[in-house]
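Structural overview for review
Each chain, letter by letter, is given below.
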Amino acid sequence: MIRVQREDFDVGAELAGFAADRRDVGGIASFIGLVRDDGGDITAMTLEHYPGMTERQLASIEAEARRRWPLLDCLLIHRFGRLVPGDRIVLVATAATHRAAALESCQFLIDWLKTRAPFWKLEETSSGSTWVAAKDTDDATAERWRE
Amino acid sequence: MKLLYFAWLRTKTGIGEEDIQPPEGVTSVNELIAWLKTRGTGYAEAFADLALVRVAVNQEYVRSDAPLAPGDEVAFFPPVTGGL
């Protein structure tokens, strides 16, 4: 399931409800991304996205994960709008029969999401607002999943 | 044709979205960008360094030599930074 939303999400409730109707799940892996105050001067971060394309790209990333691993369920929640350090941005959860598929696909999803989902970040500091540039290291991290 | 601009490209062009009728002869993303650059200093600045610009046609990533058709939705934006 894919959700792109402005509101926060309740991690406990999301994970408790995730794949809860199944009896064949052996393990659930999850990742929670937070707004980080890099350098101690970030007051807020505004995430802009491309409505429509975001959902389409997230669906294609989920489909790719399901093609590579035998996933029983998959959850992607990504927030947009103005967030402050400590706020949750993203939740990725994967359910599989065995731990390897759940853990590996969860890492794959977050790595690919960073380089493919159309989000941009405007960082606010005491000296003004700047758009965050994409990192080459993120591309390199995603690249290692190339088949 | 519908054009969309995101992040600092929107700041430079001054608009997030516009409907345009490109002149005849504009049949690819490259040609569209070349024409847009002639429309004002904001556009010229937005497309000054194409290494910093990504393009999507109908919500799928494309290369700059991708063909265009009337009615396409073309989006311009910086490299994406999703996640955390």
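One can find the structure itself at the top, above this paragraph.
Notes on the structure in this doc start here. (Residues numbered from 1 in each chain as written. Chains lettered and ligands numbered in written order. Predicted model: local features only at pLDDT ≥ 70, side-chain atom pairs only at ≥ 80, totals over all residues. Heavy atoms only, no water.)

Details of the overall build of chain B
Rules: Numbering of helices and strands runs from the N terminus; a helix is a DSSP stretch of H or I covering at least four residues, while a strand is a stretch of E covering at least two. The globule rule used for comparison is 2.2 Å times the number of residues to the exponent 0.38, while the radius of gyration itself is calculated over C-alpha atoms.
Scanning chain B from N- to C-terminus turns up three helices and five strands. N-terminal to C-terminal, the α/β element order of chain B is β-α-β-α-α-β-β-β. For 84 residues, the compact-globule estimate of 2.2 N^0.38 gives 12 Å, and the C-alpha radius of gyration of chain B, at 12 Å, lies within 12% of that figure. When its C-alpha atoms are laid out on the principal axes, chain B stretches across 40 × 30 × 20 Å.

Let's talk about the environment of alanine 20 of chain A
Residue and element names in this part refer to chain A. Under the convention used in this document: Residue exposure (1.4 Å probe, protein chains only): buried if accessible area is under 20% of the type maximum, exposed if over 50%, otherwise partly exposed.
Along the chain, the position of alanine 20 falls in the loop between helix 1 (11-17) and strand 2 (27-34). Alanine 20 gets classed as partly exposed once you look at its relative accessible area, which sits at 42%. Along the backbone, alanine 20 and serine 105 are 85 residues apart, and their C-alpha atoms lie at a distance of 19 Å.

Some thoughts on the packing of aromatic side chains
So the rule is basically this: Geometry of aromatic contacts follows a simple scheme: Phe, Tyr and Trp rings, the Trp one being its six-membered ring, pair when their centres are within 6.5 Å, and the pair is stacked under 30 degrees between planes, edge-to-face over 60, tilted otherwise.
One pass over the structure, following the stated rule, counts eleven aromatic pairs over all chains. Ring plane angle 65 degrees and centroid distance 6.5 Å describe the contact between tyrosine 50 of chain A and phenylalanine 77 of chain B, whose orientation is recorded as edge-to-face. Of the two residues, tyrosine 50 of chain A is situated in the loop between strand 3 (42-49) and helix 2 (53-68) and phenylalanine 77 of chain B in strand 5 (residues 73-77); the pairing between them involves two chains. Judged on exposure class, the residue tyrosine 50 of chain A and its partner phenylalanine 77 of chain B are both buried. A ring pair is formed by tyrosine 5 of chain B and phenylalanine 76 of chain B, whose centres lie 5.9 Å apart and whose planes are at 20 degrees; its orientation type is stacked. Within this pair, whereas tyrosine 5 of chain B is found in strand 1 (residues 2-5), its partner phenylalanine 76 of chain B is found in strand 5, the two being separated by 71 residues in sequence.

Here we look at the sheet that holds strand 1 (residues 2-5) of chain A
Residues and elements named next belong to chain A. Rules: Whether two strands pair comes down to DSSP finding at least two bridges between them. Structural elements are reduced to axes, namely lines fitted to C-alpha atoms, with helices fitted over the stretch in contact, and the angle between N-to-C directions of any two is expressed from 0 to 180 degrees. Two residues qualify as a contact provided that any one of their heavy atoms is within 4.5 Å of a heavy atom in the partner residue.
Read across the sheet, four strands follow the order 1-4-6-2 without closing on themselves; strand pairing throughout is mixed. The open sheet has two edge strands with one neighbour each: strand 1 and strand 2. Strand-to-strand twist in this sheet, taken as the mean axis angle between neighbours without regard to direction, amounts to 5 degrees. Judged from the seven bridges that link them, strand 4 (residues 71-79) and strand 6 (residues 88-96) form a sheet pairing that is antiparallel. From the neighbouring strand, histidine 78 faces strand 6, where its bridge partner is valine 90. Most of the contacts of helix 3 (residues 99-116) go to strand 6, to which it runs at about 145 degrees, and overall it touches strand 2, strand 4 and strand 6.

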